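Summary of structural features
One-letter residues, chain by chain:
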Amino acid sequence: MSVLRNIISLKKKGLSNRSISGQLGLSRKTTNKYINTVEQTGFSYQHLLELSDAELAALVEPSPQKLIEGYLEVLYSYRFGGPISNCRERAQTSRCYPLPALAGIQAGPS
């Protein structure tokens, strides 16, 4: 049984995040992250437990596109001093680049 499935099962039984962390040998931060992610799906614990491990993982793990968007957000914030939404609004200015131009960036060996 996956760690995520164990967390959901224990949470369904009413255990606190701290208790779940102790029982599974996880840090509280990791346990809280998993529980927050699961709760953001909007599904009941029972429904989540009925999913296969692959379906469960796909539901809570970020897609590659979301990882890229998060990385771009950090880059824009660092380089331009503000959120990427500011650059979307000013995509034609010299300081910001349109996202479609950056979407083709592929992670890989350099």
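Each remark here, short or long, concerns the structure printed above.
A brief structural summary.

Cut-offs applied
- Residues numbered from 1 in each chain as written.
- Predicted model: local features only at pLDDT ≥ 70, side-chain atom pairs only at ≥ 80, totals over all residues.
- Heavy atoms only, no water.
- Axes fitted to C-alpha atoms, helices over the stretch in contact; angles between N-to-C directions.
- Helix = DSSP H or I, 4+ residues; strand = E, 2+ residues; numbered from the N terminus.
- Parallel < 35°, antiparallel > 145°, perpendicular 65-115°, else oblique.
- Contact = heavy atoms within 4.5 Å.
- Nonpolar A, V, L, I, M, F, W, Y, C, P; charged D, E, K, R; others polar.
- Core = buried A, V, L, I, M, F, W, Y, C linked by side-chain atoms within 4.5 Å.
- Buried < 20%, exposed > 50% of the residue type's maximum accessible area, 1.4 Å probe, protein only.
- Phe/Tyr/Trp six-rings, centres within 6.5 Å; stacked < 30°, edge-to-face > 60°.
- Lys NZ or Arg CZ within 6 Å of the ring centre and 35° of its normal.

Okay, the packing of helix α1 (residues 3–12) against helix α3 (residues 28–40) next. Two quantities define a packed helix pair, namely the angle between the axes and the distance from one axis to the other. Interhelical geometry of α1 versus α3 gives an angle of 75° and a closest axis separation of 10 Å. When the interaxial angle is binned, α1 and α3 end up roughly perpendicular. Across from L4, I7, I8 and K11 in α1, the residues of α3 making contact are Y34, I35, V38 and E39. Tallied by class, residues from the contact of α1 with α3 come to six nonpolar, no polar and two charged.

Looking now at the nonpolar core. One finds L4, I8, V38, L48, L51, L56 and V60 forming the largest nonpolar core, which totals seven residues. Those residues in contact with I8, other than ones at most four positions away along the chain, are V38, Y45, L48, L49 and L56. In terms of nonpolar packing, the next biggest core, distinct from the first, is built from five residues, I7, L10, L15 and I20 among them.

How two aromatic rings sit relative to each other is set out by the distance from centre to centre and by the angle between their planes. Following the criterion strictly, the structure yields zero aromatic pairs and no others. A cation sits over an aromatic face here: K33 above Y34, 5.4 Å from the ring centre.

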